[in-house]
Amino acid sequence: MDYQGVLGRFTYDDGTDILNRVSSVEAGDYRENRDIINEIVLWKMNRRPQVTEELIDAIFSLKEIKTPLQVLTDEKTERVVEKLLQTKGMQLPMASTVLHFYYPEIFPIIDQRAYRELYAMDYPKTMTKIPMLTELYLKYIKDCWEYQQEKCPEIAFSQIDKILYQLDKEKGNKVKVTLRFRGREMAHVQQSKHILDDFAKMLEDVAVVEKAAKLEGRNMSMVLTEKRCLLYTSPS
């Protein structure tokens, strides 16, 4: 796959101006750092978090980390991610965006599209506990690193979230297949599941099951999506 071509089709503002501000700001310049973080947040979405001097100091405490793998073994990383998540107005996608702009070679942005492309499943929006979100993000960094090393080592790690985002954006259409049961047919729901399984089997050369067959009321539905040549499953 031409990953340079994929990256070239990523048409959104890449935040170069913000990166330039971050590269020249000093750790003790709290006013400038507050403005930068607010600009990062606005770059991601139109909202403003409550940024403290303690939070800025925590972000700069990661300055000695040089590689994504160091992130996984440095205790400060977990504390800084948790501190960001404890900040009002800061959820995990936004927290990862702040870290990405300060340390683009180390921290990838996590969002719905990138997560879905990496794991072939939706981002767990119902997850709210900070320790679980922190663990999720650290695993995401590790899996992004392994993906980049395996699939596209010619692309800088700082670009991996853009690659994942763009690949998800360009993926094919989905189709939802539904069986509807009436009256006494409800007594034979499980025996009828093979119809959906057989249908998916017929299309296995061009489609994969995105959502397995599930009964909802009187309907049993399954979602198929176009088979992609690039699909990564994190090793357990």
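Residues numbered from 1 in each chain as written. Predicted model: local features only at pLDDT ≥ 70, side-chain atom pairs only at ≥ 80, totals over all residues. Heavy atoms only, no water.

### Digging into helix α11 (residues 189-202)
Here α11 contains 14 residues, and its C-alpha end-to-end distance of 21 Å stays within 8% of the 20 Å for a straight helix at 1.5 Å per residue. Three or more residues of α11 are buried, namely V189, S192, L196 and A200. End-on, the buried residues of α11 take up no more than an arc of 115°, which puts them together on one face. Opposite its buried face, α11 presents the exposed residues Q191, K201 and M202, each directed more than 90 degrees away. Elements that come into contact with the buried residues of α11 comprise β1 (174-180), β2 (207-216) and β3 (219-226). (Helix = DSSP H or I, 4+ residues; strand = E, 2+ residues; numbered from the N terminus. Expected span 1.5 Å × (residues − 1). Buried < 20%, exposed > 50% of the residue type's maximum accessible area, 1.4 Å probe, protein only. Arc of directions from axis to C-beta. Contact = heavy atoms within 4.5 Å.)

### Here we look at the pattern of salt bridges
Oppositely charged side chains can pair when the atoms bearing their charge come close. As enumerated under the stated definition, the model contains 14 salt bridges in all. Where E150 meets K151, a salt bridge forms, and the shortest distance between an N and an O atom there is 3.8 Å. Classification of K151 as partly exposed rests on a relative accessible area of 26%. Among the charged side chains, a salt-bridge network with shared partners connects R113, R116, D122 and D168. (Salt bridge = Lys/Arg side-chain N within 4 Å of Asp/Glu carboxyl O.)

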